[in-house]
Number of protein chains: 2
Amino acid sequence: MSEQTRITPRCEEYSRWYLDVIAAARLASYSDVPGCMIIEPNGCALWERVTDIFDARIKATGHRNVKYPALIPLSLLQRETEHVEGFAPEFVTIHSLNGSKLEDPLVLRPTSETIMYADFAKKVKAASDLPIKINQWCNVWRAERRTLPFLRTFEFYWQEGHTAHASETEARAEVMDMLQEYRTFAEGTMAIPCILGRKTPGERFAGAVDTFSVETMMQNGKALQSATSHYLGQNFARAFGIKYSYGVGESEFAFQTSWGMSTRILGALIMSHSDDKGLVLPPRIAPVQAAIMLIVDKKTSSDERRDGFLASVRRQLDNAHISYVLDATDRKLGLKQYDWEKQGIPLRLVVGMSEIERDQVTIIRRDTSAKTTVPLDDLGSAAALQLAVMQADLFAAAQERLQAKSRVCATLEEIRAAFKEGNFFVHTGWSGTKDDEKGVKEAGDGVTLRCIPLVRTAPYVDKCFLTGKPAEHQVILAKAY
Amino acid sequence: MSEQTRITPRCEEYSRWYLDVIAAARLASYSDVPGCMIIEPNGCALWERVTDIFDARIKATGHRNVKYPALIPLSLLQRETEHVEGFAPEFVTIHSLNGSKLEDPLVLRPTSETIMYADFAKKVKAASDLPIKINQWCNVWRAERRTLPFLRTFEFYWQEGHTAHASETEARAEVMDMLQEYRTFAEGTMAIPCILGRKTPGERFAGAVDTFSVETMMQNGKALQSATSHYLGQNFARAFGIKYSYGVGESEFAFQTSWGMSTRILGALIMSHSDDKGLVLPPRIAPVQAAIMLIVDKKTSSDERRDGFLASVRRQLDNAHISYVLDATDRKLGLKQYDWEKQGIPLRLVVGMSEIERDQVTIIRRDTSAKTTVPLDDLGSAAALQLAVMQADLFAAAQERLQAKSRVCATLEEIRAAFKEGNFFVHTGWSGTKDDEKGVKEAGDGVTLRCIPLVRTAPYVDKCFLTGKPAEHQVILAKAY
């Protein structure tokens, strides 16, 4: 594995830059299976941070983890009509087993509504069996033709939450609660500003009554849907017979939700903060927050002095709850800098002869490359402060970019002109039907209706940009990953 | 979900009892996919304890986690001859994708040596690229015809560690180190005594030079292979071209290991400690160590008094690092007892009017049903002590059983007589070849050669029970799951 990897500058070719950063930071690599990636140790550690932090929230909000089979009988997938139509083109199917043809082929799960809800139907009899609130962290498969690491792969990883409730009110509250959890996680931990919105009918999850999403903006102005939360109404409950009885001989179908966040979020993370030197990780998500780069000439330094100094550095970081790695290899400082920088470690700490002699440590921030020298005794608090400031700065920068790359447009012409100029989040008016949505592409190649924001953040546009009718909704248009 | 589930007593039918305990403790249930189970929240929490605890050991011993694709091209699986022969009968294969036939079908991983090692070959050039020490927690599939929850399922979960080294010595040390880690985990955390041994050629992992296993004894005297650690030598390195150069123009194939522990270990856990009342969990693996059963008549108790008392109970448990659940439902005490007992919660704490009035708590141990009453102020330390004693008692009981159900036999006749009497670990002499191993079944229906123990714990038998030749090895025979 070569230490030197050229990273294409963003201004040259953004999509190439994205792949180069993934390679340089050793997050993932290509496998022998078309469309499937190998998530390398650095990428896996990052995903484990996501799962650890978000799993705690899933549990704190009253959900429990389960594991359902990855193979789903085709007959189950076919029970909810819209659902199977939405996913069938991407099915990965096993037609025979142990040498004999399967009457009911098995499909590798593209999502688990059907197999879970067939089971819910067995478990729900009375209102007291509700709510069911479960979640699973798993791999899913969708036979995508065009793939891109983390963003769209044949196999990917995610969590899928699934719930069933006795009332619509409770189910709808769950949908919004989990949407807020996604926002809190993306903004608070990953420093990625979020727009929460409702999907238009053409962009809804197959089988849902209402789909809500977390839309985020990448550095190049493109949108990335980072998580979704669906209100399924009674659609699946009817198809699978999830019914509870009440009163005398009365029964009602359950009201359901599902919500998910996948390894896509790592794509969003990379494209939100990284630069031409490689990955940039917000401190709260970084698996390792500091790299101690020891640069000591063995001939001139005393081992005892050095070891004592290092022990103090470690103690300072431990007490400040900062995770770190010690690079005591004999590589040159330049190479160490280059290596930890491209891997996105938030702080690099230089410990050389001059630092040891002066009882101080030099701190270099990954995002700004700002260098500060602090007394050894203040290292813990100084580093903690830098991490906190860096977290806030990255979020602020992403917020500014979102602002700068947003436009308000009233007509199709204005919108076309905007997308000719570059990638933007275009706020405009909408009154179209599901069929009209097909016309959205007239706004520009690849432009889609991202969402109807839950909170309006731009001036009101009173006419639909496509139909000219009075605007029923304010929407955001963008090119999306 | 009915609260009442009859558990078949062990003496009546052990295999039925096993299934009943799984159902009663709500660990797993049957899915609509033949041979696949649904791991329910209680089972999932238990598996998460296994993964949390053992993952920390995997990392502490210098391994990093990765994720390789679940689908492996058939051509890769075919590269190591013995390997493909061993696993081919159980392949789950995808022959077409996106409507077109695949030239190289994709097989759902039965294990990941092949796809990982094809990648290792790309990453290893020089000795400095070694060792590679990685692990993955994932699902694997083997088209088993006869399945049993946790013990043998179509899809199951495991960790698979894979390493490549520059020398045989280093690789062999890794094999033994990880075998010891499995023992430490099984004995220290799960209270299951282990016999570490080497497998005979007929029982080796397909493609390995040497297979070592952790054999454990279930309550009924049957063996369960709880983990394996393989020395792969250079077999796979040759097949995949994992080669490092040294000196001038010299090169050498890497020496490899792989090792795994699966959801089977939960089967071992259930069959090591549970009783006719349901699941029994050793405190160190229990996701919840105590259930507080609040039994307070609302008419007679003061809310304030009760809440204050409960807050003290919680504080005592928190300070003692004891995990707990509070059952404040209005169910009767008997029903609460029954429910938490069958779920295997190590300690049940009764908090009723009489406890509150006397400032004390009644503790009931799951394994012995022993009841003690302790002052509220001593609850934390008293409960911690009971948990520690329970952990030790369960291990001691399992050790005694292992002793009691072990026999030393010199001849085939003696062995047959033993297995007619019941299930035992039979220690005897062995000098057979791989072909002779087929004759082992003459010892009794289902009897297999479990291992050549690394440490002999029984008197020496000087002749091979099958061939009559001088015994080269001392082996253990048993019926196994």
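Predicted model only: the values in this text are computed from it and were never measured. (Residues numbered from 1 in each chain as written. Chains lettered and ligands numbered in written order. Predicted model: local features only at pLDDT ≥ 70, side-chain atom pairs only at ≥ 80, totals over all residues. Heavy atoms only, no water.)

Trainee: Describe in detail the relation of the copies chain A and chain B, supporting the description with residues and values.
Mentor: Aligned on chain B, chain A shows an RMSD of 0.0 Å; the corresponding rotation is 180° and the shift along the axis is 0.0 Å. Here the transformation between the copies is reduced to the relation of a two-fold axis. Proximity to the rotation axis, assessed at the C-alpha, singles out I94 of chain A in chain A; its C-alpha lies 2.6 Å from the axis. Take the interface residues of chain A: 100% of them recur as interface residues in chain B, which is what a same-surface contact looks like. (Least-squares fit on C-alpha atoms with pLDDT ≥ 70 in both. Contact = heavy atoms within 4.5 Å.)

Trainee: Kindly report on unusual backbone geometry, identifying the contributing residues and their values.
Mentor: Cis geometry marks the peptide bond from L130 of chain A to P131 of chain A; its omega dihedral reads -5°. One non-glycine residue, A191 of chain B, lies in the positive phi region at around 60°. Relative to the helices and strands, A191 of chain B is located in the loop between α6 (168-189) and β9 (195-198). Judged by relative accessible area, A191 of chain B falls into the buried class, the value being 0%. (Helix = DSSP H or I, 4+ residues; strand = E, 2+ residues; numbered from the N terminus. Buried < 20%, exposed > 50% of the residue type's maximum accessible area, 1.4 Å probe, protein only.)

Trainee: Mind laying out the domain arrangement of chain A, listing which residues take part and the relevant values?
Mentor: All names here are of chain A. Domain boundaries in chain A define domain 1 (41-273), domain 2 (290-401) and domain 3 (408-479). Between the C-alpha centres of domain 1 and domain 2 there is a distance of 41 Å. Domain 1 puts 13 residues into the contact, and the matching count from domain 2 is 7 residues. Roughly 760 Å² of surface becomes buried between domain 1 and domain 2 when both sides are summed, with 56% attributable to carbon and sulfur atoms. By the criterion of area lost to domain 2, the three top residues of domain 1 are A191, P193 and H273, representing 47% of everything that side buries. At the boundary of domain 1 with domain 2, the tally comes to 0 salt bridges. Put simply, domain 1 and domain 2 have 4 residue pairs in polar contact (both at pLDDT 80 or more) between them. Mapped onto the side of domain 1 that touches domain 2, the elements with two or more residues apiece are α6 (168-189) and α8 (264-273). Each residue belonging to the side of domain 1 that touches domain 2 can be placed in one class, and the counts come to 6 nonpolar, 6 polar and 1 charged. (Domains from an automatic or database assignment. Buried area = accessible area lost by both parts, 1.4 Å probe. Salt bridge = Lys/Arg side-chain N within 4 Å of Asp/Glu carboxyl O. Polar contact = N/O pair within 3.5 Å; in protein donor to acceptor, adjacent residues only side chain to side chain. Nonpolar A, V, L, I, M, F, W, Y, C, P; charged D, E, K, R; others polar.)

Trainee: Would you mind going over the packing of helix α2 (residues 41-60) of chain A against α8 of chain A in detail, with residue names and values included?
Mentor: Residues and elements named next belong to chain A. At a minimum axis separation of 10 Å, α2 and α8 run at an interaxial angle of 105°. With respect to α8, the element α2 is oriented roughly perpendicular. From α2, G43, L46, W47 and V50 reach across to α8, where they touch I265, L266 and L269. Split by residue class, the contact of α2 with α8 holds 6 nonpolar, 1 polar and no charged. (Axes fitted to C-alpha atoms, helices over the stretch in contact; angles between N-to-C directions. Parallel < 35°, antiparallel > 145°, perpendicular 65-115°, else oblique.)

Trainee: How would you sum up the interface of chain A and chain B? Please name residues and give values.
Mentor: With 52 residues of chain A at the contact, the number on the chain B side is 52 residues. Across the interface of chain A and chain B, roughly 4400 Å² is buried in total on both sides, 57% from carbon and sulfur atoms. At the junction of chain A with chain B, the criterion picks out 6 salt bridges. In this structure, K123 of chain B and E40 of chain A form a salt bridge, with 2.5 Å as the shortest nitrogen-oxygen distance.

Trainee: Can you tell me about the packing of aromatic side chains, naming the residues and giving the values?
Mentor: In total, this model carries 21 aromatic pairs over all chains according to the counting rule given. Taking the centre distance of 6.2 Å and the plane angle of 45° together, the rings of Y244 of chain A and Y246 of chain A count as tilted. The exposure class of Y244 of chain A is buried, given its relative accessible area of 8%. Measuring from ring centre to ring centre gives 5.8 Å for W430 of chain B and F465 of chain B, while their planes differ by 35°; the resulting arrangement is tilted. Placement of W430 of chain B in strand β21 (residues 425-430) and of F465 of chain B in the loop between β22 (447-453) and β23 (473-479) is noted, with a sequence separation of 35 residues between them. Owing to a relative accessible area of 2%, W430 of chain B belongs among the buried residues under this scheme. Under the relative-accessibility criterion, F465 of chain B is labelled buried at 5%. Among the aromatic side chains, those forming a connected cluster through ring pairs are F54, Y182 and F185 of chain A. Its end group placed over the ring of Y157 of chain B, K67 of chain A keeps NZ or CZ at 4.7 Å from the ring centre. (Phe/Tyr/Trp six-rings, centres within 6.5 Å; stacked < 30°, edge-to-face > 60°. Lys NZ or Arg CZ within 6 Å of the ring centre and 35° of its normal.)

Trainee: Let's hear about the sheet that holds strand β18 (residues 360-365) of chain B: which residues, and what values?
Mentor: Two modes of strand pairing occur in sheets, parallel and antiparallel, and in both the strands are linked by backbone hydrogen bonds. Residues and elements named next belong to chain B. If you walk across this open sheet you meet the 5 strands as β16-β15-β17-β18-β19, and the pairing is mixed. The sheet is open, and its two borders are formed by β16 (324-327) and β19 (371-375), each paired with just one other strand. For this sheet, the mean inter-axis angle between neighbouring strands, taken without regard to orientation, is 25°. In this structure, β18 lies alongside β19, joined through 5 bridges in antiparallel fashion. By the bridge assignment for β19, T362 is matched with T373. With respect to the sheet, helix α10 (residues 333-342) is in contact with β15 (290-295), β16, β17 (347-352) and β18, its orientation differing from that of β15 by roughly 170°. (Pairing = 2+ DSSP bridges.)

Trainee: Could you give an account of the pattern of salt bridges, with specific residues and numbers?
Mentor: Applying the stated criterion to the full structure yields 60 salt bridges over all chains. Taking the shortest distance from any N to any O, the salt bridge between D435 of chain A and K438 of chain A comes out at 3.4 Å. Overall, D435 of chain A belongs to the exposed group, its relative accessible area being 55%. Measuring nitrogen to oxygen at the nearest pair gives 3.9 Å for the salt bridge that ties D339 of chain B to R26 of chain B.

Trainee: Tell me about the sheet that holds strand β6 (residues 100-108) of chain A, and please be specific about residues and values.
Mentor: Residues and elements named next belong to chain A. On the basis of which strands lie adjacent, the open sheet formed by 3 strands has the order β4-β6-β5 and antiparallel pairing. The open sheet has two edge strands with one neighbour each: β4 (71-73) and β5 (93-97). Strand-to-strand, the axes of this sheet are offset by a mean angle of 45°, without reference to chain direction.

Trainee: How would you sum up the side chain of H427 of chain A? Please name residues and give values.
Mentor: Of note, H427 of chain A is situated in strand β21 (residues 425-430). Here H427 of chain A falls in the buried class, since its relative accessible area comes to 8%.

Trainee: Pulling in residues and values, what's your account of the pairing of strand β23 (residues 473-479) of chain A?
Mentor: Residues and elements named next belong to chain A. Most of β23 is tucked away: 6 of the 7 residues are buried. Inspection of the sheet shows β21 paired to β23 by 5 bridges, in the antiparallel sense. Considered in β23, the bridge of G429 is made with Q474. Where strand β22 (residues 447-453) lies against β23, 4 bridges are found, and the strand directions are antiparallel. Following the sheet pairing, L449 is matched in β23 by L477.

Trainee: Before we move on, can you summarise the environment of C409 of chain B with the specific residues and values?
Mentor: Residue and element names in this part refer to chain B. Within the secondary structure, C409 is located in the loop between β20 (406-408) and α13 (412-421). Counting along the chain gives 18 residues from C409 to H427, while the straight-line C-alpha distance between them is 6.2 Å. Sequence-distant contacts of C409, that is, excluding residues within four places in its chain, are made with E414, I415, A418, V426, H427, T428 and V461.

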